[in-house]
Each structure stands twice: as structure tokens, then as C-alpha cells.
Amino acid sequence: MSIVPLEYNKRTHDCGALRGGDAGKTVLLSGWVDNFRDHGGMVFIDLRDRGGITQLRFNPDTDPAAHGIARSLRSEYVVCVRGEVVSRGGNVNAKMATGEVEVSVHEIDLLSKSKTPPFQITDDVDTNEDLRLEYRVLDLRRPRMRNAMMLRHKITKTIRDYFDRHGFLDIETPILCKSTPEGARDFLVPSRVHNGSFYALPQSPQIFKQLLMMAGMDRYMQVARCFRDEDLRADRQLEFTQIDIEMAFVQPEDVMCHVETCLAEVAMAALGLKVQLPMPRISYAEAMAKYGKDAPDIRFEMTIKDLSAFAAKTDFKVFRDPLDAGGVVRCIVVPGGAAMTRKETDGLTEEIKGIGAGGLPLVKVAEEGGKIVLQTGIAKFLEAEPIKSELLSASGAKPGDLILFAAGSEANVCKWLAWLRGTVAERRGLIPKDTWAFCWVVDFPLFGMDDETKNIFSMHHPFTSPKDEDVHLLHLADSGLPPKEDLLKVRAKAYDVVLNGIELGGGSIRIHRSDVQSRIFQLLGVSAEEAKLKFEYLLEALQFGAPPHGGLALGLDRIVMLFGGFSSIREVIAFPKNAKAICPLTKAPSEVSAEQLKELGIRLAT
Ligand code: ASP
């Protein structure tokens, strides 16, 4: 008996499987030592594998040799055990799925020893992220990380199953390719065979999926890796995963309908949540006017109110100057915000200066002797009638509220008020808990204009189709360029899906006419030669019978992060880079040998 090699490949259960009804069975389990307690006589071990944890009991009277081995075990040793499932009787551990039973071990095989781990394998691990990433093998053993990987699998599978059921083909597209622009910097891979030439890693499979539609592969989906060389933030990685789809012969509603139904299935699978369909549709213009951003958080009200008409009647310089310069004056009303302390509002003022505002004009609304009065901040500029009444009616503010103003260019005012709305609501607990508010934002402008250079750029990407009723604004028949005012009026057949103020994905109907596509390149400042060099294959394919087509991409990492309640996408990626774009585990990126560089025809400048 006892220290025999056990057939670990013949496990009867995983460590999360046993229940009260299994008492009396002989079982074979394998896993890691999560915890051990030596009570002198009896030794208890918590054995962990992907399925969960089972308590093992080693009794010196049942098997002294196995008991002896058990006493020598340490954290993260790997063992295989055979024993009998026994009921814990009155000692049920309600916190463990297997808490009704334990396994009384007769035989044990020590498969592998472990050094002392640099941190404890537990969910409330208190260590810095780089150490966790360096020892990701140990970090991933924590139940929370195991759950993250399992949730990711479940979500991906739900999505794949959905699209499979609806006739989408899973087709892979190249990783070594020519640049596919999505507005970020490309990663380049030098060619050994063609020294001096480079492949680009795809920023997305955008052009390939369009070519697949032109190739008659209607409909496509891919769990696609995308590469964008940009500065990292909490929810960005250099490489990330998109659920990428494309369909032929569709209008925006066809794509949106599939995506929202799929997301509802994901919400049900991941959270048991029933999502109301169809999701609300909000135009870009409305989203910017009411929420100040194109990814609105509609879980709470506190929407932005326009005060430009009212402000035009005041002589207050802080409002008048921006208005006279073509800007706007808007506000948000914080319900009950009059209770905010000076320290809180001063704090907001400092923070908003950090994003470019000159200050934070505000007033508190109060009631004194049956009369509504304005207090603090800029009250003295607004308290005369009829100004005060007009302000109250335009803003909808009531006694007890706080009005926060912003005056400046429309873009800045949107930015400042969107920040204020989100920050104040968060800090004052105005966002309802456990609410999942999805919406679509539609009718984006096709172009934006850089404030400084006045250059036109694509709001989505250069392959996005204008709305049919706005195509005339491109003045296709003219040889000269259309006026910029016209271009800025063109709306796109583009749509973003948003959850709780975070963009989950976006897409568009694409241009399927080569004349329109060439025109768009021209408007974006891509010369005819450059367009030929970079996109000749696309422009060519458009001339061989291109169907109307469109699609969308969802950010998988972000979806798993939100549904799993994680605060960073690094938590839901098995082997992510840290915020400095380094992989602490493998230490990538790293230097390469002189030999390798020579083969590639590359000489380093430093
Ligand atoms: N390629 C786009 C992106 O990565 C998505 C799409 O238009 O389908 O954002």
C-alpha cells in the first residue's frame, strides 16, 4: 500500500466534483497542494486542480506511510492520491463546493516538488502586478484567474456557436501582410528573403474580410488577433483579440441585429442576464449633445443641458467670450449636489484644469424663505432676474442641486462635461449598481477635422461608406475638392455598440464602389500614387463585381473584462504585456544577435 506509482492518467474526478452522494466511493485525484494542516495526528491537505479544491485526510492509523509522505508535503507540490470519499457529517464546509465530503487517503504518489512560491496562490494575493506576470504560471493557478480563463472560453465559444448557427464561415487571414490602417502605428517585420522590405502586422483583418466578401464568402467571422503599436493604457494591449465579422448584401440594421442578439446570448451565458432587445439606438449627434461622448453611459440621467441661448443674454465674460468666438455654454445639474463640500468642488476644479479647462464655474441652488436663490461660485453674475429664472428653466435645476458649467469650443465642452458627468456620478454613488446598459450609437460623421492642421480624417476607417443620402456632398463629378463644410456634414453608415459607457465594438457598411473609394482616399490626402502603392489590390478587386457589404468587430478582451468584473484587460489575457509594453515572463522584447540582423540586412543606428 501507500507510496506506489499511481496511474494519474486514470483520474476518476477533478478536485471540484465530489458531493455528499459520492460517499463510499474509491476515487483517484491529482493536483497541487493548496494548503496543509498538520494536526499532529491527522494531516489535512487541500488539493487543487482546475475543477476546484477537495480536502484530503491522512490518518496515521489507516496508512502510516502515506501519512508520513503527507507530512513532508509543501505548497504547490503535485500529487496523485487514491482514497475513499467520506462524509464530513456535521463539519460541512459550506464555502467549498466539495465541502460535504473529504477523501480519506490510502495511497499517495508525489509527482513533483515545488520551490517556495514568491507569493501565495490565493485570490487576495497582495503583490505587484509585474511579479504576478513574471510568475504567471503560478498566478494563473489562482481561482480568480482560472475563472477568468474559463469565462473567456465560455464567451468565445458562445460567440463562435452563434455565428456558426447563422452560417458564418470561420476564415483565417494573414498575420504577415501589408499595412491595414486603423489609425495606429504598424508593427513591421523585416523580410530575410527580400532585404529592405517589410511585412506589417495587421491592425485588424479589415481589408481581407472585405476581399472575402468580394470573393463570395459571405458570411465571415474570425477570432482575430490585431496588432497596434500605440501607448498602453489600462484597457489597451499591443496585441488584442477581436471578434471580427463581415456580411454581404446588408444594411447597418442587419449587422446590428446579429451582433446584439449574439451579445444577449453572451450576457445570458456569462451572467445569466436577460438583455432587452432591440438595444436603444442613439445618434452620434444626440450622444454628444446629451452625454458629451460617443460612448454614452445611459445607466443614469444627469444629461448635459445647452445654455447657449441663455448665456447670450448675460454679460458674464466667462460665458460671452467663448460664445462670441463660436463656442457653446452647457452644464450638468448634480442632483443633491449642493451638499458637496468646498473641498470636493475645489478638487474637481483642479482635476478639470488637468484636461484643459480654465476652471470650473458652478453655482448651488437653494431655497430661502420660499424663494429660490443661487449661492457660491458664480452666483453673483447670475442672480438677477430674469437671468436666474431662465437659468433654472434651461437647466432644470432645483433647490439642493449643483450646476456645473462649461464654456468653450464644442469639442472641449463635450470633453469636460463628459468627464464631470462620469466622475461626479461615480463619486456620489449616482450610478445604479449591477445595471447593464447597452446601446448603439449610429449616424457617425464620416470625417473629422484636425483642429490645428484643418486636415480631414476618417472617424472610423477609410473604407466606411457614406450614407446614401449624403453621397452628393462628396461632389463625385467635380474634379476639384468639395468644400470642407460639406464634407463635415457627411454621415457614415457606421455604428458602435456600447455597454455602461464603454465601447465594446464598432463597424460599418463599406464602400463597394471604386470611384467612391478613390475619392475618399483623395479627400484624406492620400495621393493617387500612394493609394496605388498601398491599396491597389483593394481598388482593383472593387472593379470585379463587389457586393455591398459591411461588418463589425467586438473587443473580446474588453467584453470578458467587463462581464467578469475585472478592472484591466491584462487580467483576462493569459500572457499579457505590462503597462511598459514588456512581457515580464519572457522578457520580450529583447535584443537579437548580430547574425540575425545581418541576415535581415539591418544595421542598428545605436
Ligand atoms: N476593422 C474595424 C476595427 O478594427 C472594425 C470594422 O469596421 O469591422 O475597428
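Here the structure is shown first, and the text comes after it.
Residues numbered from 1 in each chain as written. Predicted model: local features only at pLDDT ≥ 70, side-chain atom pairs only at ≥ 80, totals over all residues. Heavy atoms only, no water.

### Details of the pattern of salt bridges
Right, so step 1: The full count for this structure, using the stated rule, is 46 salt bridges.
Right, so step 2: For the salt bridge of Lys10 with Glu7, the shortest nitrogen-to-oxygen distance reads 3.0 Å.
Right, so step 3: In this structure, the salt-bridge partner of Asp139 is Arg136, at a minimum N-O distance of 2.7 Å. One end of the pair, Asp139, and the other, Arg136, are both in helix α3 (residues 136–139), three residues apart, so they sit about a helical turn from each other. (Salt bridge = Lys/Arg side-chain N within 4 Å of Asp/Glu carboxyl O. Helix = DSSP H or I, 4+ residues; strand = E, 2+ residues; numbered from the N terminus.)

### A short note on the site of the ligand
Right, so step 1: Taken together, the neighbourhood of the ligand is formed by 14 residues, with Glu182, Gln206, Lys209, His461 and Arg510 sitting nearest.
Right, so step 2: The contact in question runs from an oxygen atom of the ligand to an N or O atom on the side chain of Arg228, over 3.0 Å.
Right, so step 3: The contact in question runs from an oxygen atom of the ligand to an N or O atom on the backbone of Leu552, over 3.4 Å.
Right, so step 4: Within the complex, 92% of the 270 Å² of free accessible area of the ligand lies under protein.
Right, so step 5: Going through the elements one at a time, α5 (206–214), β21 (502–509) and β22 (549–555) are the ones with two or more residues in the shell around the ligand.
Right, so step 6: Looking at the shell around the ligand, the element that brings in the most residues is β22, giving three residues. (Near = heavy atom within 4 Å. Polar contact = N/O pair within 3.5 Å; in protein donor to acceptor, adjacent residues only side chain to side chain. Areas by Shrake-Rupley, 256 points an atom, 1.4 Å probe, with all protein chains shown as cover.)

### Examining the environment of Ser568
Right, so step 1: With respect to the helices, strands and loops of the structure, Ser568 is situated in the loop between α17 (556–564) and α18 (594–600).
Right, so step 2: Ser568 gets classed as buried once you look at its relative accessible area, which sits at 9%.
Right, so step 3: Taking the C-alpha atoms as reference, Ser568 lies 5.7 Å from Asp235; in sequence the two are 333 residues apart. (Buried < 20%, exposed > 50% of the residue type's maximum accessible area, 1.4 Å probe, protein only.)

### Side note on helix α10 (residues 342–353)
Right, so step 1: The terminal C-alpha atoms of α10 lie 17 Å apart, and with twelve residues this matches the ideal 16 Å at 1.5 Å per residue to within 8%.
Right, so step 2: If you check which residues of α10 are buried, you get Thr345, Leu348, Thr349 and Ile352. For α10, the arc enclosing every buried residue in end-on projection is 100°, short of the 170-degree limit, so these residues lie on one face. Facing away from the buried side of α10, by more than 90 degrees, are the exposed residues Lys343 and Glu350.
Right, so step 3: In this structure, the buried residues of α10 make contact with β14 (362–368), β16 (402–408) and α13 (410–427). (Expected span 1.5 Å × (residues − 1). Arc of directions from axis to C-beta. Contact = heavy atoms within 4.5 Å.)

### Brief notes about the packing of aromatic side chains
Right, so step 1: Applying the stated criterion across every chain, the model contains twelve aromatic pairs.
Right, so step 2: Measuring from centroid to centroid gives 5.2 Å for Tyr162 and Phe163, while their planes differ by 85°, and the two rings are edge-to-face.
Right, so step 3: Tyr162 gets classed as buried once you look at its relative accessible area, which sits at 3%.
Right, so step 4: On the basis of relative accessible area, Phe163 is assigned to the buried category, the value being 1%. (Phe/Tyr/Trp six-rings, centres within 6.5 Å; stacked < 30°, edge-to-face > 60°.)

### A look at empty space enclosed by the protein
Right, so step 1: By the definition in use, this model includes one cavity of 30 Å³ or more.
Right, so step 2: Of the volumes computed, that of the largest cavity is approximately 40 Å³.
Right, so step 3: Lining of the largest cavity is provided by Phe444, Pro445, Leu446, Ser458, Met459, His460, His461, Thr464, Ala492 and Ala494. (1 Å grid on protein atoms, 1.4 Å probe; cavity = no way out; pocket = protein on both sides within 12 Å on 5 of 7 lines; lining within 4 Å. Points joined across faces, edges and corners; volume = space filled by probe spheres on them.)

### Comments concerning the environment of Val101
Right, so step 1: Structurally, the position occupied by Val101 is in strand β5 (residues 101–112).
Right, so step 2: Classification of Val101 as buried rests on a relative accessible area of 0%.
Right, so step 3: For Val101 and Arg19, which are 82 residues apart along the polypeptide, the C-alpha to C-alpha distance reads 6.4 Å.
Right, so step 4: The residues touching Val101, leaving out its near neighbours within four places in the chain, are Leu18, Arg19, Gly20, Val85, Val86, Ser87 and Arg88.

### Quick look at the packing of helix α4 (residues 143–165) against helix α6 (residues 252–271)
Right, so step 1: Orientation of α4 relative to α6, taken along the N-to-C sense of each, is 145°, at an axis distance of 9 Å. In terms of crossing hand, the pair formed by α4 and α6 is right-handed. Facing α4, whose interface residues are Leu151, Lys154, Ile155, Thr158, Ile159, Tyr162, Phe163 and Arg165, α6 presents His258, Thr261, Cys262, Glu265, Val266, Ala269 and Ala270.
Right, so step 2: The residue makeup of the contact of α4 with α6, split by class, is nine nonpolar, three polar and three charged. (Axes fitted to C-alpha atoms, helices over the stretch in contact; angles between N-to-C directions. Left-handed = near helix turned anticlockwise from the far one by under 90°. Nonpolar A, V, L, I, M, F, W, Y, C, P; charged D, E, K, R; others polar.)

### Quick word on the pairing of strand β3 (residues 52–58)
Right, so step 1: Among the seven residues in β3, five count as buried, and that is most of the element.
Right, so step 2: In this sheet, β3 lies alongside strand β2 (residues 42–49) in antiparallel orientation, the contact comprising seven bridges. Within β3, the position partnered with Val43 by the bridge is Phe58.
Right, so step 3: Here β2 hands over to β3 after two residues, the two strands then running antiparallel side by side. (Pairing = 2+ DSSP bridges.)

### A short note on the side chain of Ser458
Right, so step 1: Position of Ser458 among the secondary structure elements: in strand β19 (residues 456–458).
Right, so step 2: The buried category is assigned to Ser458, whose relative accessible area is 18%.
Right, so step 3: Excluding anything up to four places from it in sequence, Ser458 contacts Leu446 and Leu524.

These figures come from the coordinates and say nothing about function on their own.
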